[in-house]
Amino acid sequence: MDQLLNEKIQNAYNALIFQCAKSLPESDLPLVDKAFNFASETIGNAVWDNGEFILNHSISVAKIAVVELGLSTDALISSLLHNVFGFKEIAFSAEEIKK
């Protein structure tokens, strides 16, 4: 079952990248991938109390930021990472996340 969950999250992320590729510089995509990988390593398949995958929520926020509002790569990366801070009482410094 975990493998299926990972596939759903990965598919949502791939769809986001496809949609954002039209409005973001291609040179920014490796940074976006790095942010997504960091978030997925930290959050994994965790869900909110309502059953929604936390990463799918982050991906949805990123889609709104870039596709609907026309914001930048920084907004996309921030959206993907916004649930990492304080996740399960795991603390990351801003410097760790910048890396």
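Our structure's up above, just so we're on the same page.
What counts and what doesn't
Residues numbered from 1 in each chain as written. Predicted model: local features only at pLDDT ≥ 70, side-chain atom pairs only at ≥ 80, totals over all residues. Heavy atoms only, no water. Buried < 20%, exposed > 50% of the residue type's maximum accessible area, 1.4 Å probe, protein only. Helix = DSSP H or I, 4+ residues; strand = E, 2+ residues; numbered from the N terminus. Polar contact = N/O pair within 3.5 Å; in protein donor to acceptor, adjacent residues only side chain to side chain. Expected span 1.5 Å × (residues − 1). Arc of directions from axis to C-beta.

(A) Looking closely at helix α4 (residues 73-81). Of all nine residues making up α4, seven are buried, and the element is well covered by its neighbours. Within the sequence span of α4, burial applies to T73, A75, L76, I77, S79, L80 and L81. Sitting at the head of α4, S72 places a side-chain oxygen 3.3 Å from the backbone nitrogen of D74.

(B) Up close: helix α2 (residues 29-43). For α2, spanning 15 residues, the distance from its first C-alpha to its last is 21 Å, which sits close to the expected 21 Å at 1.5 Å a residue. Turning to α2, its buried residues are L29, V32, A35, F36, A39, T42 and I43. Projected down its long axis, α2 carries its buried residues within an arc of 155°, all on one side. Summarising the geometry of α2, the exposed residues directed more than 90 degrees from the buried face are P30 and E41. Positive phi shows up at G44, right after α2, with a value of about 60°.

Function cannot be inferred from these measures alone, as they are strictly geometric.
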